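So the chains spell out like this:
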4 protein chains.
Amino acid sequence: VKIFTMLPNAPHVRDALFGADGAAAAMEPGALYIDMSTIDPLESDAIRADLGAAGIAMVDAPLGRTSLAAEAGESLVMVGGTAADIDRARPLFELIGDTVVDCGGPGMGHRMKIVNNYMTTVLNVLTAETLTLSDAIGLDRDVAIEVMMGTPAGRSALATVYPDRVLKGDLSPAFMVDLAHKDLGIALDLAGKVNVPLGAGAAARQLYNIARARGRGRQDWTAVYPVLQELAGVGQED
Amino acid sequence: VKIFTMLPNAPHVRDALFGADGAAAAMEPGALYIDMSTIDPLESDAIRADLGAAGIAMVDAPLGRTSLAAEAGESLVMVGGTAADIDRARPLFELIGDTVVDCGGPGMGHRMKIVNNYMTTVLNVLTAETLTLSDAIGLDRDVAIEVMMGTPAGRSALATVYPDRVLKGDLSPAFMVDLAHKDLGIALDLAGKVNVPLGAGAAARQLYNIARARGRGRQDWTAVYPVLQELAGVGQED
Amino acid sequence: VKIFTMLPNAPHVRDALFGADGAAAAMEPGALYIDMSTIDPLESDAIRADLGAAGIAMVDAPLGRTSLAAEAGESLVMVGGTAADIDRARPLFELIGDTVVDCGGPGMGHRMKIVNNYMTTVLNVLTAETLTLSDAIGLDRDVAIEVMMGTPAGRSALATVYPDRVLKGDLSPAFMVDLAHKDLGIALDLAGKVNVPLGAGAAARQLYNIARARGRGRQDWTAVYPVLQELAGVGQED
Amino acid sequence: VKIFTMLPNAPHVRDALFGADGAAAAMEPGALYIDMSTIDPLESDAIRADLGAAGIAMVDAPLGRTSLAAEAGESLVMVGGTAADIDRARPLFELIGDTVVDCGGPGMGHRMKIVNNYMTTVLNVLTAETLTLSDAIGLDRDVAIEVMMGTPAGRSALATVYPDRVLKGDLSPAFMVDLAHKDLGIALDLAGKVNVPLGAGAAARQLYNIARARGRGRQDWTAVYPVLQELAGVGQED
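Computed from a predicted structure; not experimentally measured.

**Notes on the nonpolar core**
Line of reasoning, step 1. Tyr162(A), Tyr162(B), Tyr162(C) and Tyr162(D) are the most contacted members of the largest nonpolar core, which totals 224 residues.
Line of reasoning, step 2. Sequence-distant contacts of Tyr162(A), that is, excluding residues within four places in its chain, are made with Ala157(A), Leu167(A), Thr222(A), Val224(A), Tyr225(A), Asn124(B), Thr127(B), Ala128(B) and Leu131(B).

**Topic: the interface of chain D and chain A**
For an interface, size is often stated in terms of accessible area lost upon the parts coming together.
Line of reasoning, step 1. Taken together, the 6 residues of chain D in the interface contact 6 residues of chain A.
Line of reasoning, step 2. Roughly 470 Å² is buried in total at the junction of chain D and chain A, and carbon and sulfur atoms are behind 57% of that figure.
Line of reasoning, step 3. Considering only the surface of chain D that becomes buried against chain A, Ala213(D), Arg214(D) and Leu231(D) emerge as the three largest contributors, covering 73% of it.
Line of reasoning, step 4. Linking chain D with chain A are 0 salt bridges, by the criterion used here.

**Concerning the packing of helix H1 (residues 10–18) of chain B against helix H3 (residues 41–53) of chain B**
Residue and element names in this part refer to chain B.
Line of reasoning, step 1. Axis separation between H1 and H3 bottoms out at 10 Å; the angle between their running directions is 10 degrees. In terms of orientation, H1 lies roughly parallel with respect to H3. Here Ala10, Val13, Arg14, Leu17 and Phe18 of H1 lie close against H3, whose contacting residues are Glu43, Ala46, Ile47, Asp50 and Leu51.
Line of reasoning, step 2. Broken down by class, the residue content of the contact of H1 with H3 amounts to 7 nonpolar, no polar and 3 charged.

**Focus on the relation of the copies chain A and chain B**
One chain copy maps onto the other through a rotation about an axis and a shift parallel to that axis.
Line of reasoning, step 1. You can overlay chain A on chain B at an RMSD of 0.0 Å; the transform is a turn of 180 degrees with a shift of 0.0 Å along its axis. Both copies are brought into coincidence by an operation consistent with a two-fold rotation axis. Residue Ala200(A) of chain A places its C-alpha closer to the rotation axis than any other residue of that unit, at 2.2 Å.
Line of reasoning, step 2. When the interface residues of chain A are mapped onto chain B, 100% of them are again interface residues, pointing to one common binding face.

**Some thoughts on the interface of chain A and chain B**
Line of reasoning, step 1. On the side of chain B, 98 residues touch chain A, which itself brings 98 residues to the contact.
Line of reasoning, step 2. Together, the buried faces of chain A and chain B total about 8,700 Å²; carbon and sulfur atoms form 73% of this surface.
Line of reasoning, step 3. Of all residues in chain A, the largest losses of buried area upon contact with chain B belong to Tyr118(A), Met119(A) and Asn124(A), amounting jointly to 8% of the total for that side.
Line of reasoning, step 4. Here chain A is connected to chain B by 2 salt bridges.
Line of reasoning, step 5. For Lys193(B), the salt bridge is made with Asp40(A), and the minimal N-O distance between the two is 3.4 Å.
Line of reasoning, step 6. The interface formed by chain A and chain B contains 34 residue pairs in polar contact (both at pLDDT 80 or more).
Line of reasoning, step 7. Listed by contribution, the elements that provide at least two residues to the side of chain A that touches chain B are helix H3 (41–53), strand S5 (75–79), strand S6 (97–102), helix H6 (108–136), helix H7 (141–149), helix H9 (177–194), helix H10 (199–213) and helix H11 (224–232) of chain A.
Line of reasoning, step 8. Take the side of chain A that touches chain B: its biggest share by element is 26 residues, from H6(A).
Line of reasoning, step 9. Class assignment of the residues belonging to the side of chain A that touches chain B gives a composition of 60 nonpolar, 24 polar and 14 charged.

**Here we look at the relation of the copies chain D and chain A**
Line of reasoning, step 1. Overlay of chain D on chain A (RMSD 0.0 Å): rotation 180 degrees, translation along the axis 0.0 Å.
Line of reasoning, step 2. Comparing contact sets, 100% of the residues at the interface of chain D also lie at the interface in chain A, consistent with an isologous, same-surface contact.

**Some words on the environment of Leu228(C)**
Line of reasoning, step 1. Among the secondary structure elements, Leu228(C) is positioned in helix H10 (residues 224–232).
Line of reasoning, step 2. Overall, the relative accessible area of 3% leaves Leu228(C) in the buried class.
Line of reasoning, step 3. Each C-alpha atom of the pair Leu228(C) and Ile210(C) lies 9.2 Å from the other, and the pair is 18 residues apart in sequence.
Line of reasoning, step 4. Discounting chain neighbours no more than four positions away, the residues touching Leu228(C) are Leu207(C), Ala128(D), Glu129(D), Thr132(D) and Pro197(D).

**What about helix H1 (residues 10–18) of chain A?**
Residues and elements named next belong to chain A.
Line of reasoning, step 1. Listed in full, the buried residues belonging to H1 are Ala10, Val13 and Leu17. Down the axis of H1, the smallest arc covering the buried residues is 60 degrees, so these residues share one side. Pointing more than 90 degrees away from the buried face of H1 are the exposed residues Pro11 and Asp15.
Line of reasoning, step 2. Contacts made by the buried residues of H1 are with strand S1 (2–5), helix H2 (23–26), strand S2 (32–35) and H3.

**Some thoughts on unusual backbone geometry**
Residues and elements named next belong to chain B.
Line of reasoning, step 1. Unusually for a residue other than glycine, aspartate 21 sits at a positive phi of about 60 degrees.
Line of reasoning, step 2. Exposure remark for aspartate 21: the relative accessible area of 82% places this residue in the exposed category.
Line of reasoning, step 3. At asparagine 195, a residue that is not glycine, the phi angle is positive and equals roughly 65 degrees.
Line of reasoning, step 4. Taking the relative accessible area as the measure of exposure, asparagine 195 reaches 13% and is therefore buried.

**Concerning empty space enclosed by the protein**
Left-over empty space is what a probe sized like a water molecule reveals as it rolls over the atoms.
Line of reasoning, step 1. Tallied over the full model, the rule gives 7 cavities of 30 Å³ or more.
Line of reasoning, step 2. In this structure, the largest cavity encloses a volume near 370 Å³.
Line of reasoning, step 3. The wall of the largest cavity is formed by 32 residues, among which Gln206(A), Gly199(B), Gly199(C), Ala203(D) and Gln206(D) lie closest to the centre.
Line of reasoning, step 4. Among the secondary structure elements, those contributing two or more residues to the lining of the largest cavity are H10 and H11 of chain A, helix H6 (108–136) and helix H9 (199–213) of chain B, helix H6 (108–136) and helix H9 (199–213) of chain C together with helix H9 (199–213) and helix H10 (224–232) of chain D.

**Focus: the pattern of salt bridges**
Line of reasoning, step 1. Taken as a whole and judged by the stated rule, the model has 48 salt bridges over all chains.
Line of reasoning, step 2. Of the charged contacts, one joins Asp183(A) and Lys182(A) as a salt bridge, the two residues approaching to 3.3 Å between their closest N and O atoms.
Line of reasoning, step 3. Residue classification places Asp183(A) among the buried positions, given a relative accessible area of 3%.
Line of reasoning, step 4. A salt bridge links Lys193(C) to Asp189(C), with the shortest nitrogen-to-oxygen separation between them at 3.1 Å.

**Some points on the side chain of His181(C)**
Line of reasoning, step 1. Its location among the elements puts His181(C) in helix H8 (residues 177–194).
Line of reasoning, step 2. Since its relative accessible area comes to 5%, His181(C) is described here as buried.
Line of reasoning, step 3. If near-sequence neighbours (up to four positions away) are discounted, His181(C) is found in contact with Gly192(A), Asn195(A), Arg205(C), Tyr208(C), Asn209(C) and Arg212(C).

**A look at the pairing of strand S6 (residues 97–102) of chain D**
All names here are of chain D.
Line of reasoning, step 1. Relative to S6, strand S5 (residues 75–79) is paired through 5 bridges, and the arrangement is parallel. Paired with methionine 78 across the two strands is valine 101, which belongs to S6.
Line of reasoning, step 2. Crossover handedness for the path S5 to helix H5 (residues 83–96) to S6: right-handed.

**Structural notes on the sheet that holds strand S5 (residues 75–79) of chain B**
Through backbone hydrogen bonds, the strands of a sheet pair up, either in parallel or in antiparallel fashion.
Line of reasoning, step 1. Strand order in the open sheet formed by 3 strands is S4-S5-S6 (chain B), with mixed pairing between adjacent strands. Looking at the sheet topology across the chains shown, the edges are occupied by strand S4 (63–64) and strand S6 (97–102) of chain B.
Line of reasoning, step 2. Examined bridge by bridge, S4(B) and S5(B) share 2 bridges and lie antiparallel to one another. Within S5(B), the residue paired with Gly64(B) across the bridge is Leu76(B).
Line of reasoning, step 3. The strands touched by H7(A) are S5 and S6 of chain B; relative to S6(B), the strand with the most contacts, the crossing angle is about 165 degrees.
Line of reasoning, step 4. Lying on the sheet, H6(B) is in contact with S4 and S5 of chain B; it crosses S5(B) at an angle near 130 degrees.

**Some words on the packing of H6(C) against helix H8 (residues 177–194) of chain D**
Line of reasoning, step 1. Across the interface, H6(C) lies against H8(D) with an axial gap of 9 Å and an inter-helix angle of 120 degrees. Taken as axis vectors, H6(C) and H8(D) run oblique relative to one another. Once H6(C) is placed against H8(D), the crossing between them reads as left-handed. In this structure, H6(C) contributes Ile114(C), Asn117(C), Tyr118(C), Thr121(C) and Val122(C) to the contact, and H8(D) contributes Ala180(D), Asp183(D), Leu184(D), Ile186(D), Ala187(D), Leu188(D) and Leu190(D).

Quick notes on the rules
- Residues numbered from 1 in each chain as written.
- Chains lettered and ligands numbered in written order.
- Predicted model: local features only at pLDDT ≥ 70, side-chain atom pairs only at ≥ 80, totals over all residues.
- Heavy atoms only, no water.
- Core = buried A, V, L, I, M, F, W, Y, C linked by side-chain atoms within 4.5 Å.
- Buried < 20%, exposed > 50% of the residue type's maximum accessible area, 1.4 Å probe, protein only.
- Contact = heavy atoms within 4.5 Å.
- Buried area = accessible area lost by both parts, 1.4 Å probe.
- Salt bridge = Lys/Arg side-chain N within 4 Å of Asp/Glu carboxyl O.
- Axes fitted to C-alpha atoms, helices over the stretch in contact; angles between N-to-C directions.
- Helix = DSSP H or I, 4+ residues; strand = E, 2+ residues; numbered from the N terminus.
- Parallel < 35°, antiparallel > 145°, perpendicular 65-115°, else oblique.
- Nonpolar A, V, L, I, M, F, W, Y, C, P; charged D, E, K, R; others polar.
- Least-squares fit on C-alpha atoms with pLDDT ≥ 70 in both.
- Polar contact = N/O pair within 3.5 Å; in protein donor to acceptor, adjacent residues only side chain to side chain.
- Arc of directions from axis to C-beta.
- 1 Å grid on protein atoms, 1.4 Å probe; cavity = no way out; pocket = protein on both sides within 12 Å on 5 of 7 lines; lining within 4 Å.
- Points joined across faces, edges and corners; volume = space filled by probe spheres on them.
- Pairing = 2+ DSSP bridges.
- Right-handed = clockwise from strand over helix to strand, strands pointing away.
- Left-handed = near helix turned anticlockwise from the far one by under 90°.

Structure (structure tokens):
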């Protein structure tokens, strides 16, 4: 038996499984539960443990890409589970997606989805901030978008500046922290003059301040990544 | 006579023109000054006015793309000036770039560059935040990057979610503000548990709070753009 | 029977009441449960409802002031509950505190505590930011503290600028939004030069941007409060 | 000859001194210039140097306290200058203020004013955030203010928690970083549910994340100050 769910958040998932008329009671040991929801990974871990106590296996498998992709069966599936359980679930994944990525073990699908959506939800705000600043200082929006689509502004840093520098351990400057700090300062100062609130950008500038205080001003601007790793106490780059 | 400069900031430009042995004194009425620096647009406007009083024309023409592109003559040039002045400067631009965009009038080149670099410098920080969160919760970095390169996380919102929604005045939800708000909340809560500082993301979430308070929770998540326009008092979308 | 708890967070409270050997099972209808923990008010509401179903009354009663005050029996108790239940609990409160405030109904004690600690925990960070900026630009710390203790910087805005202006509906400027915006801009610009990360201040400046964009630049600086009420969609001031 | 000014910002000061019909041209060597403006300290330093080249002394002397205090002659004057120059200016200060603080040397008055106003302008926003959260979750505003005026929320941390802990080098916990982190997390989570944007608080929480990542979770919450000093690379506490 396999059942799968896609629900708003962890309490809904828990209720669907363990609430009154919950599915878990109807599942026998050896059954497989597949959760495609976007939920708190630590709650996902707890649900997996509770299911495991009843002999039920779990694969976490949220979807990437847009709802249009989902309708077309072109989703990307971010999978977390044991290799054997993933294999059992694979026929389902192939129905709904065209890319299946094993994210590295139980719970890693839900973790990956949160990381992925962190990037997209903040990027959405950054894009709104950028266009609003552009509007406020009198640029034509179509021109602004045309220009940005022709520079790294219109692409992911993961596709442009990261691979050639910080991701291979090279912090020789293609563009210096000091210059990024300066340019972002000009933008925020200008935004202050035209009264555009740029919360994400104002926060971002503090990390450049820290990078400079740590003596990294003349390193490549991607050095903000190892700086942030240091602040968070996670395994470091350079 | 044409002269051009690429200098760190506005005081440097001003000094090069108007300081002791400044270039402006050596320029005759009718000369053309081209500035490729990335400087405060309002200071650029003042410099243009001072030059204009001496009969000297100015074109602002900062470069987009990376230093590697510049070395290869493949820069994008963001040009601000009158049509006639831009034409006079065009041979220079064609030497150093392969794309020349008229940004819409005097000063618009410098404005465009600040907007462009606002996007890139904050995106750099957002990317560092995303990868550090990924590291802290145990994801394999290569897997995380592979997944994100296959979803909108690895592309600009200007290439994916904006054109089909807010940029054509459609806020029917492909992905709702409420869901983006929820997912970003999970990420920030998780980051709090593993002690990863996510300043840009924490700031971004406040805009989703505002969007919801304004009754836009069930609109497309790109509705944060008209919300921000409203806050900044600039021309609005929907 | 009355029992009371002071525990780290809502799951601990719930477990103490409803877990294995939980207290709720030992309480009879008519008993009174008093929770002095600092917990999520919405979870507190759910716990109260669950207790109520068993006929058990609840008073939420977290403590204000410091641990030293608590040891001296000089705590302030923020109480939420029905008048009758509060009266039943009052003897306990009088043992541990010298000030008991009825916060306005069931759950309002827990709400009040979260609001109170929001202020204190952010104020702690603001104070650290202020002193670090002071250190970084070479001020003597004792002098800086002496000066601030002699100005509104060393007192709560609730004791100084709020009562005479926004709290009585008067936004005639004792100090204008435009000037606060300017001074905060100077501080952030200076901090950028000496590389001090001022996250709270950078965020705060965005609200002044919004206030100005809404035409409130020449109002009293406490106008940021009605501006924020507008953004949050709550009952407004002026 | 003594002249004094109180002007909006540094370009105004510079213009008043060095512009057409500027005062500096009318001042003889040995004259004293007193600036009570709130301006960028680095620009103040440059103005002082330019005056010094003409033999003119400068004292920076901005005012603390409110405009009402100024009208009553009860201002606090934050003075920067040499001891001799301050003595020359003292009669003026005694006319307009009742407290004169020598801030430690030339330029230190302007520095002190920026630090002082950093605290007050951000505190104003923090107060607005706190009251808006209170409003949004249904607390009576008068009750909320009454409670906070009875706890450290209604006083400066410089008057309460700092002197007994971090300022004397003691980080034994009166209130732990871990608990401040938890309570602020509850507040932000709650604000997300009721859609109150709390930018300053969201930024502040990142510093608690960093403090915990640096192993300071069980230290006194005022440990955020040495953490921030470390990030900024300034002289440290413990």
